[in-house]
Amino acid sequence: MSHWSEATRERAHQIISRYPEKRSAVMPLLYLAMAEEGHLTDAGMAEVAEWCEITPAQVLSVASFYTMYKREQTGKYLISCCTSISCMLLGGDDVFHAVEDESGVPHGETDEEGLISVEHVECIGACGGAPAVQVNYELIEGVTPEKGRELVQWLRKAKPEIVNTDEMQQLFGGSRSFDWAIPEDEGAIGPYPAFGPLGTVRSEADS
Amino acid sequence: MTTPLLVTKRMTEHRSDSHTIDRYESTGGYVEAKRALGMTRDDLVEEVKSSGLLGRGGAAFSAGLKWSFLAPARPSYLVVNADESEPGTFKDRQLLERDPHQMVEGIIITAVANEAHHAFIYIRGEYAKPARRVQRALDEAYAKGYLGKGIFGSGYDLEVTVHLGAGAYICGEETALINSLEGLRGEPRLKPPYFPAAKGLYMKPTIVNNVETVSNLPHILAMGPDEYSKISDSADTGTFMMSLSGHVNDPGNYELPHGITWRDLIYDIGGGIRDGKELKTWIPGGASAPWFVPDQHIDLEITKEATAGAGSMLGSGAVIVMDEDTCMVRAAERIVRFFSHESCGQCTPCREGTTWMEMILRRIEVGQGREVDLDLLVDVSDGISIDLAWPPKMTTICPLGPSAVSPIIALRDYFRDEVQEHVSNRGCWFPGARVSPHPTAVADRPQPVSIGASSERGSGGRPPDATGRSSDQVASHDDRARRSSDAVSTEGDRVEETP
């Protein structure tokens, strides 16, 4: 029945084993389903329902509650600009509008190539380094409208396989909420959080 | 102000490797976890109770007392709340990224004290990097036998699972978090009967503690509760992480003693207001907290009591500072928009009220407000939070709705003239006047691929509804739909410019 890859099925087993009850694995399995197809499909949600031994309607009730589960085609790079209070105070709206303008993609939409989606989001916990932007949930702090435009150009040109927070902070960031100390190698490979099987490690060749 | 650093000491002194298990152990780490394994539940609860440690997630409830409420049924569970989403707050992110083992040791202590053998760390989905750091720390601890079967060679088993959220602020509310962890929508449960300590995760006794709360535990055990309670020269004990943001010269996280004043925080620690501007107002404890103003509150002590006495709260320790050039209507709109977007929709006063408040604020900002609008805002607020009292008299299951009322209290009490001038002036005159990007309550998800669709949205609007609707008229689906096009239309020109 399953249309998931062998590796994904193996990971689903591991995830379910981390919970006392199968239903608790709905949220992580929804991320797995997104990683398989780039966004959540009816088939993906039906698969999650089978794994968790609940109905597809119950899975949909969860998937539709949370903003990070995208049920429509999302670009390879999801640019999320924070426009909550602290970022707004320091020009977050201008960064968001610059990103919209440079990409030609308005809030909540995706470009024709399926490369870039743009959204403005509520607080992402980077208020001390406002304004903040995330690409596939990898953070950049202290972004200016100009740097926001450069970020869009860079994503279009470089098309990085792996989106890495330290690299982007270096290229497009400014002041930070706190000292990040040492850089890390991991990054995201799609519009979902790079955690567990969903991220990967940058090799030297990528950087 | 010479307070010892506790939870940020290691990351300050060992910048490059404070997150590794080697550094953690070489600086005294995991000693207290081992010691806790030899202590009884009663001893541990008593020790934490007498330290005076208050929960650092926002409610500031005695951590030891919370533990003492744990019902006798077993199994019991521990959930660490790392769903930090309160606008202005970013302290847990630093603790998770820079010193995850400190939290893991706190988890072991808390689990032992509450006889839990399975702990969950609920990290918000947008915190991908903190989640990776925490998972790596857990892997290191498992590899050394500090987690898993028979931890530290004892007979005690402890499993820890990292659970990622998916972008819902409401999951920071402990019963919503538990629902989310059970694989349900993150809707808060009614208390009573669903107090987590009695009927929590899987209807079993459950302790939900914040990251910073748990991270304090190794220090309390190491120095002893007496020493810990002497750190601050105030009724509140220990240190307190404050996240400072907005128009200050030096934003950031600061670990501070209780009992300094707001003047100390904003002018000394925060370096004063940017560009030599005047301070206009600040939010003392995250977006949920009622605002403070300089002429009344600047010399108040930063303690739970003093803040509550002035009608606000320290909440999550997030201080958002606004200078003289900040439009109060826009700031209020932005905070109300947050709560409107994050309302789970269960309770009518919150779901409908926050939506209406957002609409009314937006029309005032763009110059379509009416003389009665401030009173209308207060009236709608009264429907969510009776008398706009603080602490709120609840009409809803959880405090999210009443939190949205906080900016309205500020507009009513301190900035009435500014609101009325927006009405008589037909709009905002502050620098950078512009309305919020599209309303989020109705547009939180990418639409199907179609760039051309934007021009349709841009041209479909009419002016924000300024007819005399009263607060008891409930917004219908049509209202919601219209609201979507209305708000977009206010910046329709710009939207249409995009290709």
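Reading the values: rules and limits
Residues numbered from 1 in each chain as written. Chains lettered and ligands numbered in written order. Predicted model: local features only at pLDDT ≥ 70, side-chain atom pairs only at ≥ 80, totals over all residues. Heavy atoms only, no water. Helix = DSSP H or I, 4+ residues; strand = E, 2+ residues; numbered from the N terminus. Rg over C-alpha atoms; globule rule 2.2 N^0.38 Å. Buried < 20%, exposed > 50% of the residue type's maximum accessible area, 1.4 Å probe, protein only. Contact = heavy atoms within 4.5 Å. Areas by Shrake-Rupley, 256 points an atom, 1.4 Å probe, with all protein chains shown as cover. Lys, Arg positive; Asp, Glu negative; His and termini not counted. Charge placed at Lys NZ, Arg CZ, Asp CG, Glu CD. Salt bridge = Lys/Arg side-chain N within 4 Å of Asp/Glu carboxyl O. Pairing = 2+ DSSP bridges. Axes fitted to C-alpha atoms, helices over the stretch in contact; angles between N-to-C directions. Expected span 1.5 Å × (residues − 1). Arc of directions from axis to C-beta. Parallel < 35°, antiparallel > 145°, perpendicular 65-115°, else oblique. Nonpolar A, V, L, I, M, F, W, Y, C, P; charged D, E, K, R; others polar. Patch = residues over 30% accessible without salt bridge, like charges linked within 9 Å, V, L, I, M, F, W, Y side chains within 5 Å. Polar contact = N/O pair within 3.5 Å; in protein donor to acceptor, adjacent residues only side chain to side chain. pLDDT = per-residue confidence, 0-100. Buried area = accessible area lost by both parts, 1.4 Å probe.

Asker: Whenever I open this one, the overall build of chain A confuses me. Can you help?
Answerer: Within chain A, the regular secondary structure consists of eight helices and seven strands. At 18 Å, chain A has a C-alpha radius of gyration in line with the 17 Å of a compact globule built from 207 residues. Principal-axis analysis of the C-alpha atoms places the extent of chain A at approximately 50 × 35 × 30 Å. Looking at chain A as a whole, 63% of its 207 residues are labelled buried. For chain A, the proportion of contacts with a sequence separation of at least 24, taken over those separated by at least 6, is 64%. In the form shown here, chain A has an accessible surface area of approximately 7100 Å², with 49% of it arising from carbon and sulfur atoms. Here chain A contributes 15 positive and 34 negative side-chain charges, whose respective centroids are spaced 2 Å apart.

Asker: For this particular structure, what's the right way to read the overall build of chain B?
Answerer: Looking only at helices and strands, one finds 24 helices and eight strands in chain B. Counted over contacts in chain B with a minimum sequence separation of 6, partners at least 24 positions apart contribute 71%. Total accessible area computed for chain B in this model is approximately 17000 Å², and 50% of it derives from carbon and sulfur atoms.

Asker: Looking at this model, I keep getting lost on the pattern of salt bridges. Mind explaining?
Answerer: When the charged atoms of two side chains lie near each other, side chains of opposite charge can form a pair. Overall, the coordinates contain 48 salt bridges over all chains when judged by the stated rule. For E212 of chain B, the salt bridge is made with R56 of chain B, and the minimal N-O distance between the two is 3.4 Å. Here the residue E212 of chain B occupies a position in helix α11 (residues 211-223), and R56 of chain B occupies one in the loop between α4 (41-51) and α5 (63-68), the gap between them amounting to 156 residues. When sorted by exposure, E212 of chain B lands in the same class as R56 of chain B, which is buried. When salt bridges with common partners are traced through the structure, they connect E138, E184 and E186 of chain A together with R132, R133 and R136 of chain B into a single cluster.

Asker: What is the right way to look at the pairing of strand β3 (residues 116-121) of chain A in this model?
Answerer: Consecutive residues of a regular strand have side chains that alternate between opposite faces of the sheet. Residue and element names in this part refer to chain A. Across the six residues of β3, six count as buried, placing the element largely inside the fold. Of the two faces of β3, the one lined by I116, V118 and H120 and the one lined by S117, E119 and V121 are each fully buried. In this structure, strand β1 (residues 77-82) lies alongside β3, joined through six bridges in parallel fashion. Bridged to Y77 within β3 is I116. Pairing of strand β2 (residues 109-110) with β3 involves two bridges; the strand directions are antiparallel. Looking at β3, one finds that T110 is bridged to S117. Following β2, the chain reverses through five residues before pairing antiparallel with β3; G114 in that reversal takes a positive phi of roughly 75°.

Asker: How should I be thinking about the sheet that holds strand β7 (residues 279-283) of chain B in this particular structure?
Answerer: Within a sheet, each strand pairs with its neighbour through backbone hydrogen bonds, oriented either parallel or antiparallel. All names here are of chain B. The four strands are arranged β6-β5-β8-β7 in an open sheet whose pairing can be described as mixed. Two strands bound the open sheet, and with one partner strand each, they are β6 (252-257) and β7. For this sheet the average axis-to-axis angle between neighbouring strands, irrespective of direction, equals 30°. Sheet topology note: the strand β5 (residues 239-246)/β6 ladder contains six bridges and is antiparallel. The residue of β6 that forms the bridge with S243 is N253.

Asker: Can you help me understand helix α7 (residues 145-158) of chain A in this one?
Answerer: The periodicity of an α-helix, 3.6 residues per turn, causes residues three or four positions apart to be oriented the same way. Residues and elements named next belong to chain A. Spanning 14 residues, α7 covers 20 Å between terminal C-alpha atoms, matching the ideal 20 Å at 1.5 Å per step. The complete set of buried residues in α7 reads G148, L151, V152, W154 and L155. With its buried residues spanning 160° around the axis, α7 presents them on a single face. Tucked inside the fold, the buried residues of α7 contact β1, α6 (92-103), β3, β4 (132-135), β5 (138-141) and α8 (165-172). Phi turns positive, to about 40°, at K159, one or two residues after α7.

Asker: It is not clear to me how the packing of helix α7 (residues 100-113) of chain B against α11 of chain B should be interpreted in this structure. Could you clarify?
Answerer: Two numbers describe a pair of packed helices, the interaxial angle and the distance between the axes. Residues and elements named next belong to chain B. Contact geometry for α7 and α11: axes closest at 7 Å, N-to-C directions at 80°. What the angle tells us is that α7 and α11 run roughly perpendicular. Only V211, V214, S215, L217, P218, H219 and L221 of α11 make contact with α7, whose side of the interface consists of Q102, M103, E105, G106, I107, I109 and T110. For the contact of α7 with α11, the class distribution of residues is eight nonpolar, five polar and one charged.

Asker: Help me understand a nonpolar patch on the surface in this model?
Answerer: Among the surface-exposed residues, F61, L65 and F69 of chain B lie close enough to one another that they form a single nonpolar patch of about 270 Å² accessible area. The residue L65 of chain B is located in helix α5 in this model.

Asker: Got a minute to help me understand the sheet that holds strand β2 (residues 116-123) of chain B in this structure?
Answerer: Residue and element names in this part refer to chain B. Spatially, four strands are ordered β3-β2-β1-β4 in an open sheet, and the strand pairing comes out parallel. Looking along the sheet, the strands with just one partner apiece sit at the ends: β3 (159-164) and β4 (206-210). Each neighbouring strand pair of the sheet contributes to a mean axis angle of 20°, computed without reference to strand direction. Examined bridge by bridge, strand β1 (residues 76-82) and β2 share six bridges and lie parallel to one another. For A82, the partnering residue across the bridge sits in β2 and is I123. On top of the sheet, α7 reaches β1, β2, β3 and β4; it is set at about 150° to β1, its chief contact.

Asker: I keep staring at the side chain of E358 of chain B and nothing clicks. Help me out?
Answerer: Within the secondary structure layout, E358 of chain B lies in helix α17 (residues 348-365). Polar side-chain contacts of E358 of chain B include one of 2.6 Å to the side chain of R362 of chain B.

Asker: It is not clear to me how the confidence of the model for chain B should be interpreted in this structure. Could you clarify?
Answerer: The predicted coordinates should not be examined in detail at positions where pLDDT is low. Taken residue by residue, chain B gives an average pLDDT of 88. The fraction at 70 or more is 86%. Model confidence for the complex: the whole-complex pTM is 0.90, and ipTM, which rates the interface, is 0.97.

Asker: Would you mind going over the environment of S312 of chain B with me for this structure?
Answerer: Residue and element names in this part refer to chain B. One can find S312 in the loop between α15 (304-309) and β8 (318-323). For the pair S312 and T12, spaced 300 residues apart in sequence, the C-alpha separation works out to 32 Å. In this structure S312 touches P284, A289, P290, F292, T307 and W390, once residues within four positions along its chain are discounted. From its side chain, S312 meets the backbone oxygen of P290 in a polar contact 2.7 Å long.

Asker: Teacher, can you tell me more about the interface of chain B and chain A here?
Answerer: Residue-level contacts link 91 residues of chain B with 69 residues of chain A. Taking both partners together, chain B and chain A bury about 6900 Å²; carbon and sulfur atoms supply 56% of that area. Summed over the shared surface of chain B and chain A, the result is ten salt bridges. The partner of R132 of chain B in a salt bridge is E184 of chain A, with the nearest N and O atoms 2.5 Å apart. Put simply, chain B and chain A have 35 residue pairs in polar contact (both at pLDDT 80 or more) between them. Classifying every residue of the side of chain B that touches chain A gives 37 nonpolar, 28 polar and 26 charged.

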